[in-house]
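Take a look at the letters that make up each chain.
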Amino acid sequence: MKKSIAYLPSTNQRVFFNRERSYVKWILFIFLFHSMLSAQTIDKQKIDKYIQYFEEHNGGMGTLSLFKGGVEVYNRSFGQQFMVGSFNPTTRYNIGSVTKMFTATLTIKLIDDNKFRLEDKLSDFFPSVPNANKITIKNLLEHTSGLGDYTVKNNKLWLNDSVNDSLIFDEIKEQGVLFQPGERVHYSNTAYYLLAKIIEQKYGDTYSNIIQREIAGPLNLKTLESSQNDVSNVYPPYAFANCKWAEAKDLCFDRVVGAGDLISTPTDLNLFIIGLFNNKILKHPSIELMKPHDKEIFGRGMVIWPYKNLIFFGHGGDTSCTHSFVFYNEDSDVAIAFSLITNRYRHKSFAKDIMDIIYGENIVFPKFTCVVHRSEALDKYEGTYVNENFPIKLVIEKDHDRLIISGSAVLDSYEENKFRNEGIGVNIEFDPSKNILYLMQGDRKLEFSKE
């Protein structure tokens, strides 16, 4: 019997086989990629089924808009029956930090028009701001300025109708800087508040009027408006607690101009981002400037949302109650925008669920549970909790039969001693007998003690 001999291909043969395997993988990748891009037919019934489930199980209220090839192919509002008031298809949402993409667009438009440069210093406009002689316009746009968040004072949201620009600038100066410009990345509402003030200086007009003239008008965005105006037909803030929906407190939006003041519908958000990428406001090189590149977390007014092999560009925005999302993929010419009023489900999870439906993936419907508490049963949770390794204190307060964190975000109880606000990514477990709480962040469990 002949001995079996192992066959070892020559170097040239191995190279050939490796090339063949690489070629097959490349063909499969192209096939899968183009299969995703060719998902032209959106299964509206499956989306309807998901939205209906979300609505029936008190997941939240909101509006979803989908565009393909520049045309709106899906639009549905849901959950409005839980609200008090009358609403219509043009009722707007507070879109929070999605505003920053509009502020960045106006800033870069001024640069395109040679009104100033990315390298210009903040001291040219507001010399009294800490480190103004080192901070550039580029630093402000990409969250590398080192400035903090003026919307939080003494560990709580503090802006109300009595707060004016002078008090805001006092708080900005009081907070100082967290690091030197360009050393790190730290999300900064302060930076975009200052950018809006610079835009107003350069145009010699209010932010509200500039938005209308430079963006809303050219793109025919009829529902886009700044809260600098006396706005109406806006969805009120709601939150879920004690197994029911009720009105809640939210930000004072005319105090966050440029950082979170705009209102819109998801349809107009989609029209904006499609118009932007089709060079109706900025030229192509300027849009490339806005995008994150390489390992950047933030670009200059845009962030990345990856879905499988597709890269979407856009921005999200959270208020205490409303969570908005608008992203666009250039290759597939697909845009998704929605606003959710909820404290029960993450908006990124909602977005992934919708995209999974669009691209034929199986999804697991979210589970929603709740626990009813009497008002007096919440007393044991109130207090200020600290962790020496955590940058802020957690302030837990009672508002009738609901718990509030940081001044406005409502916590929803889903098990005994367990509360969450999925909208802002907060998950808390209390141990009242030891006067401690645990803050869950992914796989981390941080212990806080009551002062």
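Undergrad: How should I be thinking about the overall build of the protein chain in this particular structure?
TA: Along the protein chain, the regular secondary structure elements total 10 helices and 21 strands. A globule of 451 residues ought to have a C-alpha radius of gyration of about 22 Å, and the protein chain, at 25 Å, matches this closely. For the protein chain, the spread of C-alpha atoms along the principal axes amounts to about 90 × 60 × 50 Å. Scored against the burial criterion, the 451 residues of the protein chain give a buried share of 53%. Considering only residue pairs separated by 6 or more positions, the protein chain has 65% of its internal contacts joining residues 24 or more positions apart. Roughly 21,400 Å² of accessible area belongs to the protein chain as shown, and the carbon and sulfur atoms make up 49% of that amount. Across the protein chain, the 52 positively charged side chains and the 55 negatively charged ones have centroids separated by 7 Å.

Undergrad: Sorry if this is basic, but what is going on with the state of the cysteines here?
TA: Each disulfide consists of one covalent bond between the sulfur atoms belonging to two cysteines. Applying the stated rule across the entire model yields 1 disulfide. Residue pairing for cysteine 243: its cysteine sulfur links by disulfide to cysteine 370, the two sulfurs lying 2.1 Å apart. Here the S-S torsion is close to 115°, and the disulfide linking cysteine 243 with cysteine 370 is therefore right-handed. Of this pair, cysteine 243 sits in the loop between strand S7 (238–241) and strand S8 (244–247) while cysteine 370 is found in the loop between helix H10 (347–358) and strand S14 (383–386), placing the two residues 127 residues apart along the sequence. Its relative accessible area of 30% is what places cysteine 243 among the partly exposed residues. A relative accessible area of 33% means that cysteine 370 is categorised as partly exposed. Here cysteine 252 stays unpaired: no disulfide links it, and the sulfur of cysteine 321, its closest cysteine neighbor, is 14 Å away.

Undergrad: What exactly am I supposed to notice about the packing of helix H3 (residues 99–112) against helix H8 (residues 266–277) here?
TA: Between two packed helices, what matters for the description is the angle formed by their axes and the separation of those axes. Interhelical geometry of H3 versus H8 gives an angle of 30° and a closest axis separation of 12 Å. H3 and H8 meet at a crossing whose hand is left-handed. Between H3 and H8, the residues in contact are Met101, Phe102 and Thr105 and Leu269, Phe272, Ile273 and Leu276, respectively.

Undergrad: Is there a simple way to think about the confidence of the model for the protein chain in this case?
TA: Should the pLDDT be low somewhere, the predicted coordinates at that spot are not to be read in detail. Residue-level pLDDT values for the protein chain average 90, and 91% of them are 70 or greater. Low confidence marks residues 1–40, where pLDDT is under 50. Its contacts with residues over four positions away, or in another chain, come to 20 contacts.

Undergrad: Can you help me understand the side chain of glutamine 80 in this one?
TA: Take glutamine 80: it is sitting in the loop between strand S2 (71–78) and strand S3 (93–94). We classify glutamine 80 as buried; its relative accessible area is 16%. Here glycine 62 takes part through its backbone oxygen, which lies 3.3 Å from a polar atom of the side chain of glutamine 80. Filtering out sequence-adjacent residues up to four positions away, glutamine 80 remains in contact with Met61, Gly62, Thr63, Phe87, Tyr93 and Tyr235.

Undergrad: How should I be thinking about the pairing of strand S11 (residues 310–318) in this particular structure?
TA: Sheet faces and side chains relate simply in a regular strand, where the side chains alternate between the two faces. Sheet topology places strand S10 (residues 303–307) next to S11; 5 bridges connect them, and they run antiparallel. Bridge pairing in S11 places tyrosine 307 opposite leucine 310. Between S10 and S11, which pair antiparallel and follow one another directly, the connecting turn spans 2 residues, one of which, lysine 308, has a positive phi of 55°.

Undergrad: What exactly am I supposed to notice about the environment of aspartate 331 here?
TA: The residue aspartate 331 is located in the loop between strand S12 (322–329) and strand S13 (334–341) in this model. The sequence separation of aspartate 331 and phenylalanine 312 amounts to 19 residues, and the corresponding C-alpha distance is 9.4 Å.

Undergrad: Explain H8 to me, please; I cannot follow it from the model alone.
TA: Given a rise of 1.5 Å per residue, 12 residues ought to cover 16 Å, and the 17 Å separating the end C-alpha atoms of H8 matches this to within 8%. Residues Pro266, Thr267, Asp268, Leu269, Asn270, Phe272, Ile273, Ile274, Gly275, Leu276 and Phe277 constitute the buried set of H8. One or two residues past the end of H8 sits asparagine 279, with phi positive at roughly 65°.

Undergrad: Mind showing me how you'd approach the sheet that holds strand S6 (residues 225–226) here?
TA: Strand pairs in the sheet, formed through backbone hydrogen bonds, run parallel or antiparallel to each other. Taken in spatial order, the 3 strands line up as S3-S9-S6 in an open sheet, and their pairing is antiparallel. With partners counted over all chains shown, the strands left at the sheet margins are S3 and S6, one partner each. For S6 and strand S9 (residues 262–264), the ladder comprises 2 bridges, and the chain directions are antiparallel. Residue pairing across strands places glutamate 225 opposite isoleucine 263, the latter belonging to S9.

Undergrad: Looking at this structure, I do not really get the packing of helix H5 (residues 165–175) against helix H6 (residues 189–203). What am I missing?
TA: It is the contact of H5 with H6, at a shortest axis distance of 12 Å, that shows an interaxial angle of 135°. With respect to each other, H5 and H6 are oriented oblique. H5 and H6 meet at a crossing whose hand is left-handed. Of H6, the residues touching H5 (which contributes Asp165, Ile168, Phe169 and Ile172) are Thr190, Tyr193, Leu194 and Lys197. In terms of residue class, the contact of H5 with H6 is made up of 5 nonpolar, 1 polar and 2 charged.

Undergrad: Honestly, the nonpolar core in this entry has me stumped. Any pointers?
TA: In this structure, Phe102 and Leu122 are the most contacted members of the largest nonpolar core, which totals 66 residues. For this core, the leading source of residues is H6, giving 8 residues. Not counting residues within four places of it along the chain, the set of residues in contact with leucine 122 comprises Pro127, Val129, Ala132, Ile135, Leu140, Leu147, Leu194 and Ile198.

About the cut-offs
- Residues numbered from 1 in each chain as written.
- Predicted model: local features only at pLDDT ≥ 70, side-chain atom pairs only at ≥ 80, totals over all residues.
- Heavy atoms only, no water.
- Helix = DSSP H or I, 4+ residues; strand = E, 2+ residues; numbered from the N terminus.
- Rg over C-alpha atoms; globule rule 2.2 N^0.38 Å.
- Buried < 20%, exposed > 50% of the residue type's maximum accessible area, 1.4 Å probe, protein only.
- Contact = heavy atoms within 4.5 Å.
- Areas by Shrake-Rupley, 256 points an atom, 1.4 Å probe, with all protein chains shown as cover.
- Lys, Arg positive; Asp, Glu negative; His and termini not counted.
- Charge placed at Lys NZ, Arg CZ, Asp CG, Glu CD.
- Disulfide = S-S within 2.5 Å.
- Axes fitted to C-alpha atoms, helices over the stretch in contact; angles between N-to-C directions.
- Left-handed = near helix turned anticlockwise from the far one by under 90°.
- pLDDT = per-residue confidence, 0-100.
- Polar contact = N/O pair within 3.5 Å; in protein donor to acceptor, adjacent residues only side chain to side chain.
- Pairing = 2+ DSSP bridges.
- Expected span 1.5 Å × (residues − 1).
- Parallel < 35°, antiparallel > 145°, perpendicular 65-115°, else oblique.
- Nonpolar A, V, L, I, M, F, W, Y, C, P; charged D, E, K, R; others polar.
- Core = buried A, V, L, I, M, F, W, Y, C linked by side-chain atoms within 4.5 Å.

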